[in-house]
Amino acid sequence: MTLLVTSDFEFSLPAELEASEPPEARGLRRDQVRLMISNYSNDQIRHARFHDLPEFLNEGDVIVINTSRTRNSALMALRADGTPLELHLSTHQTADYWTVELRSIQPDGKSKHFEDACEGDVLSLPGEGKAVLKGPYISDCDPDLKQPSQTLWLAELNFPIRLDDYLSRFGFPIRYNYVKERWPLSYYQTVYATESGSAEMPSAGRPFTHELLSRLESKGIQVAPLILHTGVSNLETHEPPYKEFYQVSSLTAQMVNGARSSGRRVIAVGTTVVRTLETVAEVDGKVHAGEGWTCKVITAQYKLRTVNALLTGMHEPQATHLAILQSLAGLDHIKLAYSEALHHGYLWHEFGDLHLIMP
Amino acid sequence: MKNALITGASRGLGLALARQLAKDGWGLIIDARGERSLEQARLELSGFTNVIAIPGDITTGSHREDLSKAAVQMGGIDALVNNASYLGPSPQPALLDYPLDVLEDVYLTNVITPLAVIQTLRATLRPEACILNITSDAGVEAYEGWGGYGSSKAALEQLSAILAKENPALRIYWVDPGDMQTQMLQEAFPDEDITDRPLPEESVPGLMALIEGGKPSGRYNANALVKSPG
C-alpha cells in the first residue's frame, strides 16, 4: 500500500465558487443544488439539478449511503494562559482518548491551525470539561512509518456528563473559513443519518430529501446503508492517513454483490462509502459484512473493485479525495469535468453542488 | 441550557431581564461598572442559575476580553444583550450647548462599544444566536434636548440594520423597550416624578419573545410585541 497520497491535478478555485452558506440560505431546497453528470466511458457531460437524479439511474442500480450522524464536534477551549481556542474532536479512539485538532481564533472570526500547542497542555472546556494533550498523534496505519501528525493530537478528554449530552449542549458543528457563519447541527445532517459519530458531515448525501428517496425507490433503485464515522478533513497534504470506524451489514453486502454480479451500477454516495466498500472487498470485488477500523488509502493508481459510479461534491485542488475520483474515472476525465464545473460556476464544499461520475 | 450575556445588568432593564432569564434556567454573564451592585445582582441571580459576574468598564478592550473568556468557559453565547448605555449630562443640554467631549463619550458607550462587544464575542456566538441592541424611541423621534443620546441611538439602529444584512445566520434585533422607571429616565427628567411610568419588568416579556421566538432580524418595540397578537 502506498501511503502518501498525491494527485497530479492542480487548479485554482475562485473564491466565489466556494459555497459560503447552505443552499437553504440561498433560497434553495437541499435537492435543488446543481448536479453535473459525467460519463467516463465517453466523456459526456450533462448538467441538471439534484432532484433530477432518478432520471439518470436505472432500475436495479444500487446507491450506497453513509448513514453516520454528524456530531457537534467543535468546542470552545481555554488554554492555561487564557488563550481562547477551538478544539475539534476528530475520532474517538478508546476510553477517554480522542484525536483532536486545536485551532486559534483570529480577530476577524476566522480560525487557523494552532501551532503552539505543547505536550501536557491542559485546556479547560465549557461546563467543567477538560482536555489534556498527550502528544502528537501517531497513526498506526503503517507500522513501519511512525510519523507524528502535524495536525492531530492525542488527547485525554473528561466530560462531567455523558458525551452525547455534553456535545449537544456545549458543542457546535466544525466549520472552516469559507463558511461565513455558524449554522446549527441540523444543517450538517443528512436526512437519513442514524448513528452518531462523524466529526464532519458525509456531505455528498446532504442533498437527498425523503421525497427524492421515495422517488428513487419507486423507480426500483435500491438504497443500501453503511456507516463510516468521519474524522476531521483538513490534514496537511502528505500527512499519513488515520483510521476511521466502519460498519457494513450483510444485507448491504448482498445488495452490492447482487448488483455487481448482474452488471448493474453500484453508486457510492461520497468518498467515505468508497473507502468502506474497498475495505470489506475481497480481491475479486465481492464485499462482505464487517466492522472495525479502516486504514484504506485510495490513490489515483488504485484499482477500485467494488463501485463503478460515484456521487460526490466538488473537491478542492490537491485534496486527497481527488485521487479517488481519478482512480474511478481517470485523470483526463476528471480534468475535463472539473473544467466544465469551473466554467459553469459550480459551487464547492459541503454546501455546494454535486457531481455524479458514471461509466 | 442556553447562555446570555447582558451588559449593564446591575439595575434597571438589564437586571430585570437577567432575573427572567435566570428563572428560565439560562446561564448568565453579567457586567456593570459598580462592583457592589453587580455583586448584589450576582448573589440574587445565582440562586436560580449559573452566573459569572465581571465588574468593569465595557468601553475598555481588556474588560471585553474578560467577558469573552467567560463566554468560552460557558460554552458560548446564545443571546448577547447590549443594554449598557450612557444618557450624557443631566439635565440634557440642547445640541448647540452640548459639551463635545461628553458627546464623544455618549457615542463611545452607545454606538462604538456595542459593536466592539459583538466583535470581541463573535467567536463565542453559538449557531442562531441572537443579539439585542437596546435602543430608544429617541433614536427615531426628534425630541428637543435628546440630541446627544437620541442621535447615538439612531446610529446604533442603523448599525444594527446593516449588521443584520451582513450576518443572515444571526438574529439581530434593535429594540425600543419603551419608557421605564429607571435611573436613566430619572436623570433625563431630573425634576419630574416618573413613578407613573411602567417598571422595567414590563418590558421584559417583549424582550423574551424576541430571544426565544424565531422572529426575523429587525427593529421591534418591546411593548408592542406582547400587547398586539403576532
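A brief report on the enclosed structure follows. (Residues numbered from 1 in each chain as written. Chains lettered and ligands numbered in written order. Predicted model: local features only at pLDDT ≥ 70, side-chain atom pairs only at ≥ 80, totals over all residues.)

**Structural notes on the pairing of strand β4 (residues 77-82) of chain B**
Residue and element names in this part refer to chain B. Defined as follows: Exposure in this text rests on C-beta crowding, where 20 or more other C-beta atoms within 10 Å of a residue's own make it buried, 12 or fewer make it exposed, and counts in between make it partly exposed. The C-beta atoms are placed from the backbone. The numbering of helices and of strands both runs from the N terminus, where a helix is a DSSP run of H or I of at least 4 residues and a strand a run of E of at least 2. Two strands pair if DSSP finds at least two bridges between them. Classification remark: right-handed applies to a crossover when, strands pointing away from the viewer, the course from the first strand over the helix to the second runs clockwise.
A large share of β4 lies buried, amounting to six of its six residues. Across three bridges, strand β1 (residues 3-7) lies against β4 in parallel orientation. Within β4, the residue paired with Ile-6 across the bridge is Val-81. Where β4 meets strand β5 (residues 125-134), five bridges bridge the pair, whose relative direction is parallel. Looking at the pairing, Ile-77 lines up with Leu-125 of β5. Each parallel crossover has a hand, and for β4 linked through helix α4 (residues 100-121) to β5 it is right-handed.

**Considerations on the sheet that holds strand β6 (residues 171-176) of chain B**
Residues and elements named next belong to chain B. This is how the line gets drawn: Helix axes are fitted to C-alpha atoms over the stretch in contact, other axes to C-alpha atoms as well, and angles between N-to-C directions run from 0 to 180 degrees. For every residue pair, C-beta atoms are placed from the backbone, and the pair is scored as a contact if these atoms sit within 7 Å.
Reading across the sheet, the seven strands line up as β3-β2-β1-β4-β5-β6-β7 and stay open at both edges, with parallel pairing between neighbours. Strands at the two margins of the open sheet, each flanked by one partner only, are β3 (51-55) and β7 (218-221). Neighbour-to-neighbour, the strand axes of this sheet turn through a mean angle of 20°, independent of strand direction. Of the strand pairs in this sheet, β1 and strand β2 (residues 27-32) are connected by five bridges, and their pairing is parallel. Across the sheet, the residue bridging to Thr-7 is Asp-31, located in β2. Contacting β5, β6 and β7, helix α5 (residues 147-166) runs over the sheet at an angle of about 160° to β6. Here helix α7 (residues 204-212) sits on the sheet in contact with β4, β5, β6 and β7, set at roughly 155° to β5.

**Remarks on the sheet that holds strand β1 (residues 34-39) of chain A**
Residues and elements named next belong to chain A. Pairing in this open sheet of nine strands is mixed, and the strands run β2-β1-β18-β17-β15-β3-β13-β14-β16 from one edge to the other. With partners counted over all chains shown, the strands left at the sheet margins are β2 (44-49) and β16 (290-294), one partner each. Along the sheet, successive strands turn relative to each other by an average axial angle of 20°, direction set aside. Bridging between strand β3 (residues 62-66) and strand β13 (residues 222-228) involves five bridges; their strand directions are parallel. Residue Ile-63 lies in a different strand from β13, and its bridge partner there is Val-223.

**Concerning unusual backbone geometry**
Pro-91 of chain B follows Ser-90 of chain B through a cis peptide bond whose omega is -5°. Checked against the element boundaries, Pro-91 of chain B lands in the loop between β4 and α4. Positive phi is not limited to glycine here, since His-349 of chain A has a value of about 75°. The topology assignment puts His-349 of chain A in the loop between α6 (331-343) and β18 (354-358). You will see that Glu-128 of chain B, though not glycine, has its phi angle at about 60°, which is positive.

**Things to note about the packing of helix α1 (residues 12-23) of chain B against α7 of chain B**
For any two helices packed against each other, one specifies the crossing angle of their axes together with the interaxial distance. All names here are of chain B. Inclusion rule: Throughout this description, any angle smaller than 35 degrees is read as roughly parallel, any larger than 145 degrees as roughly antiparallel, any in the 65 to 115 degree range as roughly perpendicular, and the remainder as oblique. Two helices that cross are described as forming a left-handed crossing if the nearer one is turned anticlockwise from the farther one by less than a right angle, and a right-handed crossing if clockwise. By the convention adopted, Pro, Cys, Tyr, Trp, Phe, Met, Ile, Leu, Val and Ala count as nonpolar, Lys, Arg, Asp and Glu as charged, and the other residues, Gly among them, as polar.
The interhelical angle for the contact between α1 and α7, taken along N-to-C directions, is 55°, at an axis separation of 10 Å. In terms of orientation, α1 and α7 fall into the oblique class. In the packing of α1 onto α7, the handedness of the crossing is right-handed. Residues Ala-16, Leu-17 and Gln-20 of α1 pack against Val-204, Leu-207 and Met-208 of α7. Residues that form the contact of α1 with α7 fall into these classes: five nonpolar, one polar and no charged.

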